[in-house]
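# Descriptive analysis of the structure
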Amino acid sequence: MDTHHDSHESGSSFWSAVNVLIGLAFGVFALGAGAVLIGGGLINSLKGKKTPEAAHAPAAGAPAAAPAAAAPAAAASSVKEEGGAAVVTLKPGAANPMSFDVTSFTVKAGQKVKVTFDNDSTTPLQHNWVLGVAGSKDRLIAAANGMMAEMTKWMPRGYVPDGPDVLAHTKLLNSKEKETVEFTAPQEKGDYPYLCTFPGHSMIMQGTMKVE
Ligand SMILES: [Cu+2]
């Protein structure tokens, strides 16, 4: 499934480097936001059962509290059935463009699956979608992060790791590009990880395809 691009100008590696920096920036941001949320939760726990009204009133002029993280609505299902096939569309997350909006979906063993990854983000991040075999998540993350030292080697390969861990994948998609990949779900039931293996993204940009 490799696509060969002939335009390997020096600018390409420049943009890859920029993408890594943007990706890392978002990663740090996301981790920071997570820490704030966790910290806030701990503080609320320590405060016990006090109602917000009973809590200490904020000092006058104190900045407004950060908006609560929008709880992702539990969608009934991200999968549409079309002629026996499971059809799923993924996009970058609205709140964090270095995540997938769908972090879990379920298909049947042996079912035909059509996954469209629509890189419809206003943030100019390149992404891919890589589905791994059950239990391969940590190996794929390590492979993806290991590419950071050899960006020019992996860029023309869409940052898709080598080897038997990869079941299906898109090419590397620029912002506003999309691709649909079709494959047959494994016969073995279980959790199959999917990741964006652009170096630096996979720790956050990941999800699970459940085979039932
Ligand atoms: Cu990505």
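Let me sum up the structure you'll find in this document. None of the values given here were measured: they were computed from a predicted structure.

This part is about unusual backbone geometry. Non-glycine residue Y159 carries a positive phi angle of around 60°. By the element assignment, Y159 lies in the loop between α3 (151-154) and β6 (166-169). For K176, which is not a glycine, the phi torsion comes out positive at approximately 80°. On the secondary structure map, K176 appears in the loop between β6 and β7 (178-184).

What follows covers the nonpolar core. Core analysis: the largest hydrophobic core is formed by 33 residues, its most contacted members being L90, F105, V115, W129, F183, Y194 and M209. Going through the elements one at a time, β2 (85-90), β3 (104-107), β4 (112-118), α3, β7, β8 (190-195) and β9 (206-211) are the ones with two or more residues in this core. With near-sequence residues (within four places) excluded, L90 lies in contact with F100, D101, V102, V115, T116, F117, D118, W129 and Y194. By size, the runner-up hydrophobic cluster in this structure holds 6 residues, among which are V130, I141, V160 and L195.

The next thing to look at is the pattern of salt bridges. By the definition in use, this model includes 7 salt bridges. For D165, the salt bridge is made with R139, and the minimal N-O distance between the two is 2.8 Å. With D165 in the loop between α3 and β6 and R139 in helix α2 (residues 137-146), this residue pair connects regions lying 26 residues apart in the sequence. Relative accessible area serves as the criterion here: at 15%, D165 is assigned to the buried category. Here R157 ties to D162 by a salt bridge, and the two come within 2.7 Å at their closest N and O atoms. Within this structure, K91, D120 and K176 form a network of salt bridges that share partners.

Bound to the copper ion are the protein donor atoms H127 (ND1), C196 (SG) and H201 (ND1), situated 2.0 to 2.1 Å from the metal. If you list the donors of the copper ion from N- to C-terminus, the spacing comes out as H-x68-C-x4-H. Placement of H127 in the loop between β4 and β5 (130-132) and of C196 in the loop between β8 and β9 is noted, with a sequence separation of 69 residues between them. A relative accessible area of 0% means that H127 is categorised as buried.

What counts and what doesn't
Residues numbered from 1 in each chain as written. Predicted model: local features only at pLDDT ≥ 70, side-chain atom pairs only at ≥ 80, totals over all residues. Heavy atoms only, no water. Helix = DSSP H or I, 4+ residues; strand = E, 2+ residues; numbered from the N terminus. Core = buried A, V, L, I, M, F, W, Y, C linked by side-chain atoms within 4.5 Å. Buried < 20%, exposed > 50% of the residue type's maximum accessible area, 1.4 Å probe, protein only. Contact = heavy atoms within 4.5 Å. Salt bridge = Lys/Arg side-chain N within 4 Å of Asp/Glu carboxyl O. Donors = N, O, S within 2.8 Å, 3.2 Å for Na, K, Ca; no water.

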